[in-house]
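Residues per chain, in single letters:
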Number of protein chains: 6
Amino acid sequence: MSSPTSAPPRILIEPLVRAALLEDLGQAGDITTNALVPREAHAEAAFIARKPGIVAGLDLAKLSFELLDPAIEIDVKKPDGSEIRSGDTIAIVRGPAQGILTGERTALNFLCHLSGVATATAAAVAAVKGSKARIVCTRKTTPGLRALEKYAVRIGGGSNHRFGLDDAVLIKDNHIAIAGNVTEALRRARKGVGHMVKIEVEVDSLAQLKEALAFGVDAVLLDNMDPKSLAEAVAIVGGRAITEASGGVTLANAAAIAASGVDLISIGRLTHSAPALDIGLDFRE
Amino acid sequence: MSSPTSAPPRILIEPLVRAALLEDLGQAGDITTNALVPREAHAEAAFIARKPGIVAGLDLAKLSFELLDPAIEIDVKKPDGSEIRSGDTIAIVRGPAQGILTGERTALNFLCHLSGVATATAAAVAAVKGSKARIVCTRKTTPGLRALEKYAVRIGGGSNHRFGLDDAVLIKDNHIAIAGNVTEALRRARKGVGHMVKIEVEVDSLAQLKEALAFGVDAVLLDNMDPKSLAEAVAIVGGRAITEASGGVTLANAAAIAASGVDLISIGRLTHSAPALDIGLDFRE
Amino acid sequence: MSSPTSAPPRILIEPLVRAALLEDLGQAGDITTNALVPREAHAEAAFIARKPGIVAGLDLAKLSFELLDPAIEIDVKKPDGSEIRSGDTIAIVRGPAQGILTGERTALNFLCHLSGVATATAAAVAAVKGSKARIVCTRKTTPGLRALEKYAVRIGGGSNHRFGLDDAVLIKDNHIAIAGNVTEALRRARKGVGHMVKIEVEVDSLAQLKEALAFGVDAVLLDNMDPKSLAEAVAIVGGRAITEASGGVTLANAAAIAASGVDLISIGRLTHSAPALDIGLDFRE
Amino acid sequence: MSSPTSAPPRILIEPLVRAALLEDLGQAGDITTNALVPREAHAEAAFIARKPGIVAGLDLAKLSFELLDPAIEIDVKKPDGSEIRSGDTIAIVRGPAQGILTGERTALNFLCHLSGVATATAAAVAAVKGSKARIVCTRKTTPGLRALEKYAVRIGGGSNHRFGLDDAVLIKDNHIAIAGNVTEALRRARKGVGHMVKIEVEVDSLAQLKEALAFGVDAVLLDNMDPKSLAEAVAIVGGRAITEASGGVTLANAAAIAASGVDLISIGRLTHSAPALDIGLDFRE
Amino acid sequence: MSSPTSAPPRILIEPLVRAALLEDLGQAGDITTNALVPREAHAEAAFIARKPGIVAGLDLAKLSFELLDPAIEIDVKKPDGSEIRSGDTIAIVRGPAQGILTGERTALNFLCHLSGVATATAAAVAAVKGSKARIVCTRKTTPGLRALEKYAVRIGGGSNHRFGLDDAVLIKDNHIAIAGNVTEALRRARKGVGHMVKIEVEVDSLAQLKEALAFGVDAVLLDNMDPKSLAEAVAIVGGRAITEASGGVTLANAAAIAASGVDLISIGRLTHSAPALDIGLDFRE
Amino acid sequence: MSSPTSAPPRILIEPLVRAALLEDLGQAGDITTNALVPREAHAEAAFIARKPGIVAGLDLAKLSFELLDPAIEIDVKKPDGSEIRSGDTIAIVRGPAQGILTGERTALNFLCHLSGVATATAAAVAAVKGSKARIVCTRKTTPGLRALEKYAVRIGGGSNHRFGLDDAVLIKDNHIAIAGNVTEALRRARKGVGHMVKIEVEVDSLAQLKEALAFGVDAVLLDNMDPKSLAEAVAIVGGRAITEASGGVTLANAAAIAASGVDLISIGRLTHSAPALDIGLDFRE
């Protein structure tokens, strides 16, 4: 079986975890734990869900401990992607107490944030269930954490839009204004980028949509259209391009938007405003 | 006049902005803008609030453009800390169009996130207005962005708790469990850290509170107590230590908690779950 | 006019130039120049072509001097993309002699290497002139310099294939072997990647080609086929996918391959084996 | 037995391999392999020479896989320095298929480039066989890869000239022009550098050569002289300094140059223009 | 038992050791050892004290070898904090001879420097033995090595003052001059910093001291006062603040200063001028 | 006039100053200055010598301020290399008060340390005045600061020995033990390193010395010999190699050692144990 939600490899995440730990340790380190906890003390603690949701980010939690002390082990009970209920044990951490106490907050900061993104995504996916629409994220991500948040979206059942400015063309209204019109913008794009690069154009009106389709385009971003306009746009496209609804999507209106027949619904809120999932690390006697 | 909300200096924020830009540019850069926008094109665009809130992060937005093209200038209309209404112009950006289009998303990602933190903080501060309680943040921050989020909290009218594990002692329940009891934990802390380091202890009961006060402590964290217990605790403390209420604080119960007479109310949600403030960059003809 | 051959921005190239200078300076710096050349001495020198070719990399040459001494100025006579003959003056450098002498080799190492790539590309482009085939590079690049070499290929009139493993799917024979067959490989790819990602599959036979076309694919890599087989493959494709010839392409056989009607001809040699273009820095009295 | 061709230690090469992998992975990683190849799939593949030459760079190839997945093992059949024929198996790679497929290109980019440098060096060494001349490389290296290319030259049987501007004095024509004459240049050098630093001076004429010898110098670079002038210069030197021929050396004229009796022949082409050696990674069923 | 002198964690020290090794290796590495010592040679060597003192820095010495060759092992006989006499064996190093020879100087540079700091601290602590005064260090540290030197001070029996500008307020004379007077300075400090931050003020006179006490302050730095003035100041403070004597402290006058009853004596010399402790690495046959 | 004591270029020192500032600022920055000093306040302060010595490190002091605030200017009165008396004004700093107060300690830490090294070197140079002996430093430097300390030695009138393991061969007793004898060690060295690399061998006896001279060597390190033995060794060498006295050199015995006729006297203490020169930054009203 394939692995479309492959976690980012260690070579990508280790620098992020390292930076987060150093940010928390400062020059003096964990002065509380160093003063109170004997080096030889061992501890066992469990990541416990305090709210229901979807787990994401265990690799980062694990690395938060491992970089402090390789002797700390994590026994994962609910791997990334698991649907958890309040009270569920996600993983158990065992090893030297100093490292566990020092790494706790960094581990939780990654785990709660990414699980929050996965949970928000799963809610959006559930809202459009039964339609053909896929939920996708945007480049509205937290600076420095894009690859992680994109991964959490996949874990939540969503798909990824562009990872960066470099991996596909997305022509926005301002680009069109500078180029003059949709056709000229598309012409320049087709000429200026490689053959493996897809091109999407943002259209604000059905006129622009038709102009784009006449030139040929891989995808169209239908900006801030109501469900009725979206349905009309989908009909005009007639399968000639991928259709993406964008702007002002909420859990409340997602089903109506999906019913328009669009292929994709992009939601910036998944990555820039998802509340952290409440997970705690409970120590055991 | 003093400047308690001094922005983090450039030497601290430049690496963060640089990393965010590189994350978005990838190896190939902004292929859309490069293909569509002539190098000599100039543009003017305005950061416009789409929702009311408090502005924070303009230095980062500015640097997002400046690192791409030093010729881009920002004219700030509503500096960090300003209360803005929907539709307000926060700042105007002028210069080479390529750099403005390429830097737009990075600038907005910083600005919307930090303004979101400031706005959430201001709401909490407003909720306890009239009481003596100060709103403080925690170490539950986004990995890599702690200094920025702590700054945004100050911009929103809140105060900062510890920046890291290194700058004060906070003895939590797990530390106490390992040390044996509150007194022994405090004894180890006092012995193990420098004279400029304050010590706070988390107490779950009035018995623990009295034990801590008997030994002497700078601050007590009153964990998950209801307003009545908090008031009782404040009375017991009688000014001998700073009192901090923590756990489960919401905009709804903040006033009641503040009425207990505690000095501080700490809220993790300010930094880990504040939704981004909706700000757009509108280009002008 | 658009700028499809935009140079990589300074934020991308500065770390490379900085690393190259530090590699050459070591801890002790340019001990020859420091011992021999007075700090106040000024110099003027010219980059002179000793062989014909295409210029690429002047931004890097410029930065090699500027990072050593901002007082050094470059007056460019033949900007990137210029066709130069032996003896042509490419640029003139003026300023403090110490910085010019110290930066000379680093500047030349970038300039000669990238001009070599551009020159090799231009020769390949010339070889297929009159056909519809575009010359593209591969991921067979010098470690650490990919973005620069991809840029030099564009400067030479070529196009870029994938910049990395992340920006498009290229299914190779080994992927197919693991997936089982072409159809299953394509099915997994379509399911596993985002909607803005194009998919190319390498085919070794016309049977595989037909299988790929039956499923639907954006591009097909026709691996090591002779011109006759290529022409047959192009006919089978019939415009339903981009066709790319790959493997064993030389200046001698490029025209024959192009005559097969393929859209693209990819050549690893452009980036991994292009000889440096011979350029010198001549000091003037 | 001593080890003059010691490979650069891991502490030096790991950052280069890490950067090369990140350059190829981007933010999204190897989307093809992630989508198509199950995490549990294992593979075995062999590095096969497609052309004859000298192997160099296996440590880098190995690290390219190991940094992605420590479970991948390399069984080396032809260690660095081996002379290989077309078809030879250089090494066998075994382990998780995902990591092998993802690391393949980075491993090959290092291996083919460095083997190319070693092979070009070996050809030059062979060309002067029977003479006393040693083949040496220059500072005309690929930015960022100097230590690796210097190593590959040693592997190919050559010797290294300066590693950087810091480890020996090389007085060139422009330094002499600024100092006034050869004697003054040498005087400044002797005074300005430490006692463990050798001094070489570039001379364009026999007059300059005699001036240098009169002052005393460790080595003389005989710039662009024909074999007859070189022989004359060698006779004048009479063993009082190391003699180095430089400029315009090819495989065709190397033997004639060597016959002049010079100690060293330096060739920039070894590092800046050696074509990659053609090596492939063949997967086994 | 608690561990107030916990060594800085590996995540903090590894970058320092790595940088120190790279500084010593340059591009070419240890050319002497590489040329002379067979790769398979093993060696055993002992760190021997040539002067009496206190050991500090063995983790760094260990890492200096381990990063070069994980096969090298250190058997510690006198752990950090041990009082050693001339001739004592501190630790024994065993493993591949190349790595031991290459890492020797870096290991010793860390070990001798930090042991020097610990030894100087222990001498100062001994000088005030019998008094209540604790010896503390300052921010007058070697750039880049602050966390290490602060640790060595603790190992020597001293305590740490601020680690940086961020972890406590220290109001100096220049701050007071800008604020206008001590009271205004303290008022701004109290208002501008978080509740977990202690405030110390430097006073030059008893008048300033009284002003500070009247406002309330955590600690007072009594700058350059003679023992008699210090005693007077201590009497005035009467336990209301921590008292710190600073300026011109030597081993000769430390006891007299301590007799004044101050809580702390800060000495910059411990970190900026402690001579290295003489330790050698002796190879055994 | 030439510039043998060229300061390390900005590209080398900027990372060191940046790291030192970040080490001092932590995440929260200069909380004292930020709370007390208005952003618009300007200040003027003077670096004043409190002890006599030699100035070194002004470029680093300058950069410590400039990286915090480019508006801060330094007016140098006594440039690096100046001999200063107690009370002399070294430089005047003017600009925004916040940046001056925040950068003060970092600037002084560099300046006092490097001036201390220069001052110690000058004392040693003075002690051997009248002899032909040059004072040289060793690789016994502070980790991370080698290039700076080597520069300070030159500023103090000394010369530099090796900068690292890469720029010359120094065969020590342990190398000889492994190679078997002096002759074999030298043979391996000559064979294993490039032609621009000098070779020095440490000898403990006159027998070893003769063996080294018989093979031929660039320099001999006469280890821990008394002046009489040194004179004997110098006579044996008879100008055939550079002679270096090493081990146990003090200001007291330096003249006697120099009188033996050795070329060089190396002193580790210059870099690993030189006390900081006492310099203060005095603010002016």
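Because the structure is predicted, anything quoted here is derived from the model rather than measured.

Asks: Can you tell me about the interface of chain E and chain F, naming the residues and giving the values?
Replies: Each partner contributes to the interface: chain E provides 56 residues, whereas chain F provides 56 residues. Taken together, the two surfaces of chain E and chain F that pack against each other cover about 4600 Å², and 60% of this comes from carbon and sulfur. Together, Leu36, Pro143 and Leu165 of chain E form the three largest contributors to the area buried by chain E at its contact with chain F, with a combined 16%. Scanning the region where chain E abuts chain F turns up four salt bridges. With a closest N to O distance of 2.7 Å, Asp24 of chain F and Arg139 of chain E form a salt bridge. Here chain E is connected to chain F by 28 residue pairs in polar contact (both at pLDDT 80 or more). Counting only elements with at least two residues in the side of chain E that touches chain F, the list comes to helix H1 (10-25), helix H2 (31-36), helix H4 (97-127), helix H5 (146-155), strand E7 (169-171), helix H6 (173-179) and helix H7 (182-192) of chain E. Counting residues per element, the side of chain E that touches chain F draws most heavily on H4 of chain E, at six residues. When the residues that make up the side of chain E that touches chain F are grouped by side-chain class, the tally is 29 nonpolar, 16 polar and 11 charged.

Asks: Residues and numbers for the sheet that holds strand E1 (residues 42-49) of chain A, please.
Replies: Residues and elements named next belong to chain A. Strand order in the open sheet made by the four strands is E3-E5-E1-E12, with antiparallel pairing throughout. Since the sheet does not close on itself, it has two edges, and those belong to strand E3 (73-76) and strand E12 (279-284), each with one partner. Within the sheet, the average angular offset between the axes of one strand and its neighbour, ignoring direction, is 20°. Seen against the sheet, helix H3 (residues 58-66) touches E1, E3, strand E5 (89-96) and E12 and runs at an angle of roughly 160° to E3.

Asks: Tell me about the sheet that holds strand E1 (residues 42-49) of chain F, and name the residues and values.
Replies: Residues and elements named next belong to chain F. As summarised here, the arrangement of the four strands in space is E3-E5-E1-E12, forming an open sheet in which the pairing is antiparallel. Looking at which strands have only one partner, the edges of the open sheet turn out to be strand E3 (73-76) and strand E12 (279-284). Pairwise comparison of adjacent strand axes, ignoring direction, gives a mean angle of 20° for this sheet. Alignment of E1 against strand E5 (residues 89-96), held across seven bridges, turns out to be antiparallel. Across the sheet, Ala46 pairs through a bridge with Ile92, a residue of E5. Against the sheet, helix H3 (residues 58-66) engages E1, E3, E5 and E12, with an angle of about 160° to E3. Where helix H4 (residues 97-127) meets the sheet, its contacts fall on E1, E5 and E12, and the angle it forms with E12 comes to roughly 155°.

Asks: Kindly report on the relation of the copies chain C and chain D, identifying the contributing residues and their values.
Replies: Between chain C and chain D, which share one sequence, the superposing operator has a rotation angle of 180° and an axial displacement of 0.0 Å; the RMSD is 0.0 Å. Here the transformation between the copies is reduced to the relation of a two-fold axis. A shared binding surface is used by both copies, with 100% of the interface residues of chain C retained as interface residues in chain D.

Asks: Mind laying out the packing of helix H3 (residues 58-66) of chain B against helix H4 (residues 97-127) of chain B, listing which residues take part and the relevant values?
Replies: All names here are of chain B. Interhelical geometry of H3 versus H4 gives an angle of 165° and a closest axis separation of 8 Å. By the criterion of interaxial angle, the relationship of H3 to H4 is roughly antiparallel. Judged by the twist between their axes, the crossing of H3 over H4 is right-handed. Contact residues: Leu58, Leu60, Ala61, Ser64 and Phe65 in H3; Gly99, Ile100, Gly103, Glu104, Thr106, Ala107, Phe110, Leu111 and Leu114 in H4.

Asks: Before we move on, could you go through the pairing of strand E9 (residues 219-223) of chain A and cite the residues and values that matter?
Replies: Residue and element names in this part refer to chain A. Counting buried positions along E9 gives four out of five residues, so the element sits mostly inside the fold. Across four bridges, strand E8 (residues 199-203) lies against E9 in parallel orientation. Note that in E9 the partner of Val203 across the bridge is Leu222. Following the backbone out of E8, through helix H8 (residues 206-215) and into the adjacent parallel E9, one traces a crossover that is right-handed. The pairing of E9 with strand E10 (residues 242-246) spans five bridges and is parallel.

Asks: Describe the interface of chain C and chain D, and please don't skip the residues or the numbers.
Replies: The interface is formed by 56 residues belonging to chain C together with 56 residues belonging to chain D. Summed over both partners, the interface of chain C with chain D comes to about 4600 Å²; 60% of that surface belongs to carbon and sulfur atoms. Among the residues chain C hides against chain D, the three largest losses belong to Leu36, Pro143 and Leu165 of chain C. Together they make up 16% of the total. The interface formed by chain C and chain D holds four salt bridges in total.

Asks: Explain the domain arrangement of chain A to me, using residue names and the numbers behind them.
Replies: Residues and elements named next belong to chain A. Partitioning chain A into structural domains gives domain 1 (10-124 + 274-284) and domain 2 (126-272). A separation of 35 Å is found between the C-alpha centroids of domain 1 and domain 2. On the domain 2 side, the residues contacting the 20 residues of domain 1 number 22 residues. Summed over both sides, the interface between domain 1 and domain 2 buries roughly 1500 Å², with carbon and sulfur atoms accounting for 69% of that surface. The three residues of domain 1 that bury the most area against domain 2 are Val117, Thr121 and Ala124, which together make up 35% of that side's buried surface. Our count for the domain 1 to domain 2 interface comes out at zero salt bridges. Across the contact surface, domain 1 and domain 2 share 10 residue pairs in polar contact (both at pLDDT 80 or more). Residue assignment for the side of domain 1 that touches domain 2 shows that the elements contributing at least two residues are helix H1 (10-25) and helix H4 (97-127). Counting residues per element, the side of domain 1 that touches domain 2 draws most heavily on H4, which supplies 10 residues. Taken together, the residues of the side of domain 1 that touches domain 2 sort by class into 15 nonpolar, four polar and one charged.

Cut-offs used in this document
Residues numbered from 1 in each chain as written. Chains lettered and ligands numbered in written order. Predicted model: local features only at pLDDT ≥ 70, side-chain atom pairs only at ≥ 80, totals over all residues. Heavy atoms only, no water. Contact = heavy atoms within 4.5 Å. Buried area = accessible area lost by both parts, 1.4 Å probe. Salt bridge = Lys/Arg side-chain N within 4 Å of Asp/Glu carboxyl O. Polar contact = N/O pair within 3.5 Å; in protein donor to acceptor, adjacent residues only side chain to side chain. Helix = DSSP H or I, 4+ residues; strand = E, 2+ residues; numbered from the N terminus. Nonpolar A, V, L, I, M, F, W, Y, C, P; charged D, E, K, R; others polar. Pairing = 2+ DSSP bridges. Axes fitted to C-alpha atoms, helices over the stretch in contact; angles between N-to-C directions. Least-squares fit on C-alpha atoms with pLDDT ≥ 70 in both. Parallel < 35°, antiparallel > 145°, perpendicular 65-115°, else oblique. Left-handed = near helix turned anticlockwise from the far one by under 90°. Buried < 20%, exposed > 50% of the residue type's maximum accessible area, 1.4 Å probe, protein only. Right-handed = clockwise from strand over helix to strand, strands pointing away. Domains from an automatic or database assignment.

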